[in-house]
Amino acid sequence: MALLPTAVLLLGALYCLIPVAWVLIASTKAGRELFSTFTFLPGTGLWENISDLSAYRDGVYWTWMANSALYAGVGALLSTAVSALAGYALAMYRFRGRESIFNILLAGVLMPPVILAVPQYLLMAQVGLAGTRWSVLLPVILSPYGIYLARIYAAAAVPRDVVESGRIDGAGEWRVFRSIGLPMMLPGLVTVFLFQFVAIWNNFLLPYIMLSDDERFPITLGLFTLLNQGASAPALYTLVITGSLLAILPLIALFLVIQRFWSLDLLSGAVKS
């Protein structure tokens, strides 16, 4: 009986990994090899493709990568900070309307982003921010799912007795949050940051609606424009594939860097305090 679940898991892993393997191998092929050689046979043009991609329009690809790093890095940091404050407040404080606010956040988690994209554009246009980098950054700062995770994690990881002890010792609410609550919530907030970073990095619809200047495009939108141009210039397909491979590398590096935080003990923050 154990063979069936194992087989299902292996099939699921193959289903997820085969496209990644295809991108990895196809990015090594020069334009003349892409459609003329066996699909999973490596090529000889990886460095040539990277060089051509870097030279395309004076390196606009790296501008797109920098834009994505800006949107995802700053957006994820601000979103994590807002989620930490809101989640801690919803978990630690009793006030009128708390459950109603939490239920509204749950409704926000279930709402597809496509429903909010057009209203967000209209709001940004009203204040004159449509087409600017702010129009991509501001909507991602408030994450219902991030607040939900922070609230659940704070309720489980921050003992009320420790918080009350800090208050009895004379610490203010901000000091209690900064010195006690925040260190205990750190592993959960790392998860929130990772989820938000990946979501913003991969976001396509919001920049597509908000931005018109390709110098402000993130990598997703930039590769989309390259793909569209590939219909009339097939040589650009190799650049799109190589660009897709390079766009994955920052996410892998981020995961490897921050995964150690998940091994922290929930009460390590209190010990350090």
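Definitions and cut-offs
Residues numbered from 1 in each chain as written. Predicted model: local features only at pLDDT ≥ 70, side-chain atom pairs only at ≥ 80, totals over all residues. Heavy atoms only, no water. Helix = DSSP H or I, 4+ residues; strand = E, 2+ residues; numbered from the N terminus. Polar contact = N/O pair within 3.5 Å; in protein donor to acceptor, adjacent residues only side chain to side chain. Contact = heavy atoms within 4.5 Å. Core = buried A, V, L, I, M, F, W, Y, C linked by side-chain atoms within 4.5 Å. Buried < 20%, exposed > 50% of the residue type's maximum accessible area, 1.4 Å probe, protein only. pLDDT = per-residue confidence, 0-100. Salt bridge = Lys/Arg side-chain N within 4 Å of Asp/Glu carboxyl O. Patch = residues over 30% accessible without salt bridge, like charges linked within 9 Å, V, L, I, M, F, W, Y side chains within 5 Å. Areas by Shrake-Rupley, 256 points an atom, 1.4 Å probe, with all protein chains shown as cover. Axes fitted to C-alpha atoms, helices over the stretch in contact; angles between N-to-C directions. Parallel < 35°, antiparallel > 145°, perpendicular 65-115°, else oblique. Left-handed = near helix turned anticlockwise from the far one by under 90°. Phe/Tyr/Trp six-rings, centres within 6.5 Å; stacked < 30°, edge-to-face > 60°.

Within the secondary structure layout, threonine 220 lies in helix α12 (residues 219–229). Only 2.8 Å separates the side chain of threonine 220 from the backbone oxygen of asparagine 203, close enough to count as a polar contact. Apart from residues lying up to four places away in sequence, threonine 220 is in contact with Trp201, Asn202, Asn203 and Phe204.

Next up on the list: the nonpolar core. Among the nonpolar cores identified, the biggest contains 35 residues, and Tyr61, Trp64, Phe197, Trp201, Ile219 and Leu226 are the most heavily contacted of them. Going through the elements one at a time, α4 (60–92), α7 (134–141), α10 (173–201), α11 (205–210), α12 and α13 (236–258) are the ones with two or more residues in this core. Not counting residues up to four positions away in its chain, the partners in contact with tryptophan 64 are Asp214, Phe217, Pro218, Ile219, Gly222, Leu223, Thr225 and Leu226. Ala84, Ala91, Ile180 and Leu189 belong to the second-largest nonpolar core, a separate cluster that totals 14 residues.

The pLDDT averaged across the chain works out to 86; a share of 93% of its residues lies at or above 70. Looking over the chain, one finds the lowest element-wise mean pLDDT in helix α14 (residues 268–272), namely 45, and the highest in α4, namely 94. Ignoring residues within four places in sequence, the model shows residues 265–273, a span with pLDDT below 50, making ten contacts including any to other chains.

On to the pattern of salt bridges, then. For the structure on display, the rule yields six salt bridges. For arginine 57, the salt bridge identified is with aspartate 214, shortest N-O distance 2.6 Å. Here aspartate 214 lies in the loop between α11 and α12 and arginine 57 lies in the loop between α3 (46–55) and α4, a separation of 157 residues in the sequence. Salt-bridge contacts for glutamate 173 lead to arginine 167; the nearest nitrogen and oxygen are separated by 3.0 Å. Given a relative accessible area of 37%, glutamate 173 falls into the partly exposed group. Judged by its relative accessible area of 25%, arginine 167 falls in the partly exposed class. Here the residues in one salt-bridge network are Arg98, Glu99 and Arg151, joined through shared partners.

This next bit is on a nonpolar patch on the surface. Nonpolar side chains collect at one region of the surface, where Leu11, Leu14, Ile18, Trp22, Phe38, Phe40 and Leu41 lie side by side and expose about 720 Å² of accessible area between them. Looking at the secondary structure, you find phenylalanine 40 in the loop between α2 (31–34) and α3. Here phenylalanine 40 falls in the partly exposed class, since its relative accessible area comes to 38%.

With that settled, consider unusual backbone geometry. With a phi angle near 50 degrees, arginine 57 is a residue other than glycine that sits in the positive phi range. By relative accessible area, which is 39% here, arginine 57 ends up partly exposed. With a phi angle near 60 degrees, aspartate 58 is a residue other than glycine that sits in the positive phi range. Here aspartate 58 lies in the loop between α3 and α4. When its relative accessible area of 79% is taken as the criterion, aspartate 58 is described as exposed.

To continue, consider the packing of α4 against α13. Running from N to C, α4 and α13 point in directions that differ by 30 degrees, and their axes come no closer than 12 Å. For the element pair α4 / α13, the angle class is roughly parallel. Handedness of the crossing formed by α4 with α13: right-handed. The residues of α13 that touch α4, namely those facing Tyr61, Trp62 and Met65, are Gly243, Leu246, Ala247 and Pro250.

Inspection of every chain in the model, using the stated rule, returns twelve aromatic pairs. Seen in terms of ring centroids, phenylalanine 204 and tyrosine 208 are 5.3 Å apart; in terms of plane orientation they differ by 20 degrees. Their pairing is stacked. Since its relative accessible area comes to 28%, phenylalanine 204 is described here as partly exposed. Seen in terms of ring centroids, tyrosine 208 and phenylalanine 224 are 6.0 Å apart; in terms of plane orientation they differ by 90 degrees. Their pairing is edge-to-face. Taken together, the residues span a long stretch of sequence, with tyrosine 208 in helix α11 and phenylalanine 224 in helix α12 at a distance of 16 residues.

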